[in-house]
Each structure stands twice: as C-alpha cells, then as structure tokens.
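Geometric and topological summary
Chain by chain, the residues:
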Amino acid sequence: MLREKHHPRDIGFDPLGLKPKDSQEFAKLQTNKLSNGQLAMLASVGMCVQELANGKGVFWRTSDFESHGTGTQA
C-alpha cells in the first residue's frame, strides 16, 4: 500500500530544500526533467549515427592528435 501523500518519483530526499512545495510546480519540474532526459537520449543516438556515418569514433580527434605528436606533452 502506498502512503496517502506519496507522489511517484518522490522519495522524500531533498537535503537542500529545492523541491517545490506546490504540487503544480512539482509536476512541471517532473515534466522538465523528463524532457531533458529525452533530449539527452536523442543526442546520444545522434552521436552513434555520426560514428556509423563517417566510420570514426566521436572522440577521434583526441587520439588523432596524440598519434601524430601534435598534442600537448607533460
């Protein structure tokens, strides 16, 4: 059984007191978090498609610079 004041995805952990007290503001915050998560997933898919399209990894420049000796040396 759920508690009467239980809200999905709200485990009661808010040590900095950033959670909105108003239920409408809390719902808006949840929607924004969901939208940002979807955008992050879309960006990661874009990075994978880029790798498939050009045959190079996303971070190919870093290894390219190191292999040619043009990177900074310690």
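Residues numbered from 1 in each chain as written. Predicted model: local features only at pLDDT ≥ 70, side-chain atom pairs only at ≥ 80, totals over all residues. Heavy atoms only, no water.

This paragraph deals with the overall build of the protein chain. Regarding its fold elements, the protein chain presents two helices and zero strands. Burial analysis of the protein chain (74 residues in total) assigns 3% to the buried set. Of the roughly 7,200 Å² of accessible surface on the protein chain, 60% is carried by carbon and sulfur atoms. (Helix = DSSP H or I, 4+ residues; strand = E, 2+ residues; numbered from the N terminus. Buried < 20%, exposed > 50% of the residue type's maximum accessible area, 1.4 Å probe, protein only. Areas by Shrake-Rupley, 256 points an atom, 1.4 Å probe, with all protein chains shown as cover.)

A separate point is the packing of aromatic side chains. Aromatic ring pairs: the centre-centre distance and the angle between the two ring planes describe each pair. Under the criterion given, the structure shown has zero aromatic pairs. Of note, K19 hangs over the ring of F26, and the distance from its end group to the ring centre comes to 5.2 Å. (Phe/Tyr/Trp six-rings, centres within 6.5 Å; stacked < 30°, edge-to-face > 60°. Lys NZ or Arg CZ within 6 Å of the ring centre and 35° of its normal.)

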